[in-house]
Amino acid sequence: MRKVWISRLTAQKMIEVQNLTKQYGNFTAVNGITFEAQAGEIVGLLGPNGAGKTTTMRMLTGFMPPTSGTAKIAGFDIFDDSMEVRKRVGYLPERVPIYPDMTVRGYVDFWARLRGVKNSKSQVTQVLERVHLLDRQKTLVRNLSKGMRQRLGLAQALVHDPEVIILDEPTIGIDPQQVIEVRDSVRELGKKHTILFSTHILSEAEQVCDRVVIINKGQIIAEGTPANLRQKLQRGNSLYVQIVGANLAQATDMLSGVAGFESLTAQGEGYILRTRNSNDVRGQIAERVVQSGYRLVELRPVAMTLEDIFLDLVGRE
Ligand SMILES: Nc1ncnc2c1ncn2[C@@H]1O[C@H](COP(=O)(O)OP(=O)(O)OP(=O)(O)O)[C@@H](O)[C@H]1O
Ligand SMILES: [Mg+2]
């Protein structure tokens with residue numbers, strides 16, 4: 001279904017970011033990033049704390065001017081056409097501004113009017129239904145759970161039916177059940193909208209997004225579908241090796257000469273050997289163990305998870 005919809009729009013560029021840079025004083029928070037999102041794509045902006053995700057999103061939503069570089073939303077420049085951009089973007093900020101004394105419906109209605117939504121009554125009803133808050137429409141915002149507040153924030157971002165939706169870590173600080181609900185909502189929204197979604201959780205990016213842009217220290221360090229990121233980034237090999245009677249020092253002596261040797265670490269009854277390239281070194285390992293007079297009882301590749309790859313990229317801090 002998704003594919004049909006995308007082809008109908010003939011892969012229109014909905015978000016185009018070019019060399020976008022933001023400096024706070026002389027600190028560069030976002031440093032010349034370039035990426036795109038096509039109509040109907042869910043793009044994940046994945047990075048650790050302080051990577052520059054929020055700063056990027058604030059620029060894209062017209063909240064803050066870039067220091068240099070450009071970005072377009074649905075063809076409109078975020079700086080020169082910021083009014084057009086605001087009409088077309090829904091933004092769930094990192095911290096949703098809360099008006100505790102408003103009702104759920106009042107809050108969404110307030111945003112609808114602010115944005116000049118026609119037929120606001122039916123539009124508000126529709127959007128509340130969409131985020132599963134219609135049965136709470138009379139509840140005061142102060143009495144909502146965190147997850148419900150997050151969905152209310154989503155309703156605010158959706159009420160003017162924007163083409164592009166920008167969500168800044170929508171699953172942070174809510175319980176696991178509600179995390180699942182928010183992720184499902186995002187995937188559902190992705191059928192009709194273009195979505196930029198930030199997270200510092202790799203598995204979330206993998207589950208929710210069509211494409212992931214990895215950002216660290218203000219720069220893009222990798223980009224691709226979850227599957228091709230894994231392929232691209234996994235430069236080396238990981239093998240589990242079990243050798244009878246060899247301690248770590250002895251095993252290191254035996255195996256440090258293997259082509260591309262990077263490290264040997266203990267795991268369970270054996271060791272994990274990592275190499276820098278993806279040549280098959282199993283023959284070399286077997287040969288070395290036997291030549292040293294030891295017995296090899298297990299030798300198998302270990303799949304690196306995308307999480308390992310990500311941590312290698314951004315540094316295990
Ligand atoms: N208003 C500001 N003034 C000065 N520095 C700032 C400001 N806002 C953000 N920064 C700095 O810019 C860098 C990027 O921050 P940003 O909030 O964009 O990161 P983030 O990826 O959203 O992080 P997190 O995952 O913690 O939300 C950080 O080092 C942060 O301290
Ligand atoms: Mg942030």
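The notes below deal with the structure included here.

## Points about the overall build of the protein chain
When helices and strands are counted, the protein chain shows twelve helices and 14 strands. Each principal axis of the C-alpha distribution contributes one length, and for the protein chain these read about 80 × 45 × 40 Å. Evaluated residue by residue, the protein chain yields a buried proportion of 36% over its 317 residues. Taking the contacts inside the protein chain whose residues are at least 6 apart along the sequence as the reference set, 67% of them involve residues at least 24 apart.

## Looking at the site of ligand 1
Around ligand 1, the structure places 13 residues, and the nearest of them are Tyr-24, Ala-29, Lys-53, Thr-54 and Thr-55. Mapped onto the shell around ligand 1, the elements with two or more residues apiece are β2 (27-38) and α2 (53-60). Examining the composition of the shell around ligand 1, we find that three residues originate from one element, α2, more than from any other. Of the residues assigned to the shell around ligand 1, the class counts are four nonpolar, seven polar and two charged.

## Considering the packing of helix α4 (residues 104-114) against helix α5 (residues 120-130)
Axis separation between α4 and α5 bottoms out at 10 Å; the angle between their running directions is 125°. By the angle between their axes, α4 is oblique relative to α5. Judged by the twist between their axes, the crossing of α4 over α5 is right-handed. Across the interface between the two elements, Val-104, Arg-105, Val-108, Asp-109, Ala-112 and Arg-113 from α4 touch Ser-120, Gln-123, Val-124, Val-127 and Leu-128 from α5. Looking at side-chain class alone, the contact of α4 with α5 contains six nonpolar, two polar and three charged residues.

## A look at the sheet that holds strand β8 (residues 194-199)
Within a sheet, neighbouring strands are paired by backbone hydrogen bonds and run either parallel or antiparallel to one another. Pairing within the open sheet is mixed, and its six strands lie in the order β6-β7-β8-β3-β9-β10. On the outer flanks of this sheet lie β6 (89-92) and β10 (219-224), each paired with one strand and no other. Here the strands of the sheet are splayed against their neighbours by 15° on average, with no regard to which way each runs. Bridging between strand β9 (residues 211-216) and β10 involves five bridges; their strand directions are antiparallel. When the sheet's bridge partners are listed, Ile-215 is paired in β10 with Ile-220. Strands in contact with helix α6 (residues 146-158) are β6 and β7 (164-168); relative to β6, the strand with the most contacts, it is inclined by about 165°.

## Side note on the nonpolar core
By size, the foremost hydrophobic cluster in this structure holds 61 residues, and its most contacted members are Ile-73, Val-108, Ala-155, Ile-166, Ile-195 and Phe-197. Top contributing element to this core by residue count: α6, with six residues. For Ile-195, the contacting residues outside a window of four places in its chain are Ile-42, Val-43, Ile-165, Leu-167, Val-186, Leu-189 and Gly-190. One finds Ala-246, Ala-251, Leu-264 and Val-281 within the second-largest nonpolar core, a separate group that totals 14 residues.

## Things to note about helix α7 (residues 176-189)
If you check α7, its first and last C-alpha atoms are 20 Å apart, about what 14 residues at 1.5 Å a residue would give, namely 20 Å. Within the sequence span of α7, burial applies to Val-182, Val-186 and Leu-189. Seen end-on, α7 carries its buried residues on one side only, within an arc spanning 65°. Exposed positions of α7 whose direction lies more than 90 degrees from the buried face are Pro-176, Gln-177, Asp-184 and Glu-188. Where α7 is buried, its residues meet β3 (42-46), α6, β7, β8 and α8 (202-208).

## Points about the sheet that holds strand β14 (residues 295-301)
Strand order in the open sheet formed by four strands is β12-β13-β11-β14, and the pairing between neighbours is antiparallel. Of all strands in the sheet, those with a lone pairing partner are β12 (261-267) and β14, marking the two edges. Across the sheet, the mean angle from the axis of one strand to that of its neighbour is 25°, orientation sign disregarded. Where β12 meets strand β13 (residues 270-275), six bridges bridge the pair, whose relative direction is antiparallel. For Ser-263, the partnering residue across the bridge sits in β13 and is Arg-274. Along the sheet, helix α11 (residues 282-291) contacts β11 (237-244) and β14; its crossing angle with β14, the most-contacted strand, is approximately 165°.

## A look at α5
Of all the positions in α5, only Val-124, Val-127 and Leu-128 are classed as buried. All buried residues of α5 lie within an arc of 100° about the axis, which places them on one face of the element. The inward-facing, buried residues of α5 contact α4 and α6. One or two positions beyond α5, positive phi appears at His-132, with a value near 60°.

## A closer look at the environment of Asn-247
With respect to the secondary-structure elements, Asn-247 resides in the loop between β11 and α10 (248-255). In this structure, the C-alpha to C-alpha distance between Asn-247 and Gly-270, residues 23 residues apart in sequence, is 9.1 Å.

## So, unusual backbone geometry
Phi at Ala-74 takes a positive value of approximately 50°, unusual for a residue other than glycine. Tracing the backbone shows Ala-74 in the loop between β4 (68-73) and β5 (76-77). A residue is classified by how many C-beta atoms lie within 10 Å of it, and Ala-74, with 20 of them, is buried. Positive phi outside glycine occurs at Glu-169, with the angle close to 45°. Looking at the element boundaries, Glu-169 is found in the loop between β7 and α7. Judged by C-beta crowding, with 21 C-beta atoms within 10 Å, Glu-169 ranks as buried.

The rules behind these values
Residues numbered from 1 in each chain as written. Chains lettered and ligands numbered in written order. Predicted model: local features only at pLDDT ≥ 70, side-chain atom pairs only at ≥ 80, totals over all residues. Helix = DSSP H or I, 4+ residues; strand = E, 2+ residues; numbered from the N terminus. Buried ≥ 20, exposed ≤ 12 C-beta atoms within 10 Å, placed from the backbone. Contact = placed C-beta atoms within 7 Å. Near = placed C-beta within 6 Å. Nonpolar A, V, L, I, M, F, W, Y, C, P; charged D, E, K, R; others polar. Axes fitted to C-alpha atoms, helices over the stretch in contact; angles between N-to-C directions. Parallel < 35°, antiparallel > 145°, perpendicular 65-115°, else oblique. Left-handed = near helix turned anticlockwise from the far one by under 90°. Pairing = 2+ DSSP bridges. Core = buried A, V, L, I, M, F, W, Y, C linked by C-beta atoms within 7 Å. Expected span 1.5 Å × (residues − 1). Arc of directions from axis to C-beta.

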